[in-house]
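Examination of the molecular architecture
Chain residues, written in single-letter form:
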Amino acid sequence: MEAIILAGGKAERLGEAAQGRPKALVEIAGRPLAAYQVEQLAAAGVERVIVSCAAGQEELFESALGGIGPEIVAVGEPEPMGRGGGIRFAAQSRRESGGVYALNGDELVDVDLRRLWAVHASNDGAATITVVQVRSPFGVVDLDDDLVTGFREAPKLDEWVSCGIYVLGEEALARLPERGDHETSTFPELAAERRLHALRHEGIWLTVNTPKDLRVAEEHMASNPDWPRKEISSPSW
């Protein structure tokens, strides 16, 4: 089994907190962010991880993520190609045909990857994405006409959003843009054709884009030092 990690982010919004590292290699609790993803992929049976990164950073990623288990193959983009273009370009380095995991490299998510694969294998879709509910950044006021009936602090919204973890089949890979974002092109097209499925994830989803996000991720790891090891078990195949 193979996987692709998108790791072209420059960590511009993290500023000095990134310490000059690409965003996927910013350290959380003393380990590169993407190391947690590689560990989860290994637990799901993935033996080879292709990292889509900026040209010139290949050795950096292979050194930082090597030794966890899966073979790490870093593929440098000759120029920024966007997320969809980055996956398409990296997919050319696969050794196997069929489905492949694809993940954003700047998130901590405890999704059950084996379950995601099983959901994809059980349907006839071109791709299966992981979706999560987000919390309102504000407190919510409940109203009955002009009568205030209550307050809710940062509740989960009814809507679901993609958290950037997928299984992509050959059809989906072939339809990715050469440049640009697949979530504004390929995925809407597949959805219109009823060829896109989803796994609802109720657990942890932490994005790391700003110093505040980094602090939240550090606090999570301080409170859960065994994460995600205690949430994942050995693969069943």
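See above for the structure.
Residues numbered from 1 in each chain as written. Predicted model: local features only at pLDDT ≥ 70, side-chain atom pairs only at ≥ 80, totals over all residues. Heavy atoms only, no water.

Topologically, leucine 65 is positioned in helix 2 (residues 58-65). In this structure leucine 65 comes out as buried when scored by relative accessible area, which is 1%. Note: C-alpha distance between leucine 65 and valine 111 (46 residues apart in sequence) is 20 Å. Setting aside chain neighbours within four positions, we find leucine 65 in contact with Leu25, Pro32, Ala34, Ala35, Val38, Val51 and Ile72. (Helix = DSSP H or I, 4+ residues; strand = E, 2+ residues; numbered from the N terminus. Buried < 20%, exposed > 50% of the residue type's maximum accessible area, 1.4 Å probe, protein only. Contact = heavy atoms within 4.5 Å.)

This part takes up the pattern of salt bridges. Applying the stated criterion to the full structure yields 15 salt bridges. Here aspartate 181 and arginine 83 are joined by a salt bridge, their closest N and O atoms 3.1 Å apart. Within this pair, whereas aspartate 181 is found in the loop between helix 5 (170-174) and helix 6 (186-192), its partner arginine 83 is found in helix 3 (residues 82-91), the two being separated by 98 residues in sequence. Here glutamate 193 ties to arginine 175 by a salt bridge, and the two come within 2.8 Å at their closest N and O atoms. Taken together, the positions of glutamate 193 in the loop between helix 6 and strand 12 (196-200) and arginine 175 in the loop between helix 5 and helix 6 put the pair 18 residues apart, joining distant regions of the chain. Through salt bridges with shared partners, a single ionic network connects Glu171, Arg175, Glu189, Glu193 and Arg195. (Salt bridge = Lys/Arg side-chain N within 4 Å of Asp/Glu carboxyl O.)

With that settled, consider the side chain of histidine 182. Along the chain, histidine 182 turns up in the loop between helix 5 and helix 6. There is a polar contact of 2.9 Å between the side chain of histidine 182 and the side chain of tyrosine 166. When sequence neighbours within four positions are dropped, the list of residues in contact with histidine 182 reads Arg83, Gly84, Ile87, Tyr166, Leu176, Pro177, Phe187 and Pro188. (Polar contact = N/O pair within 3.5 Å; in protein donor to acceptor, adjacent residues only side chain to side chain.)

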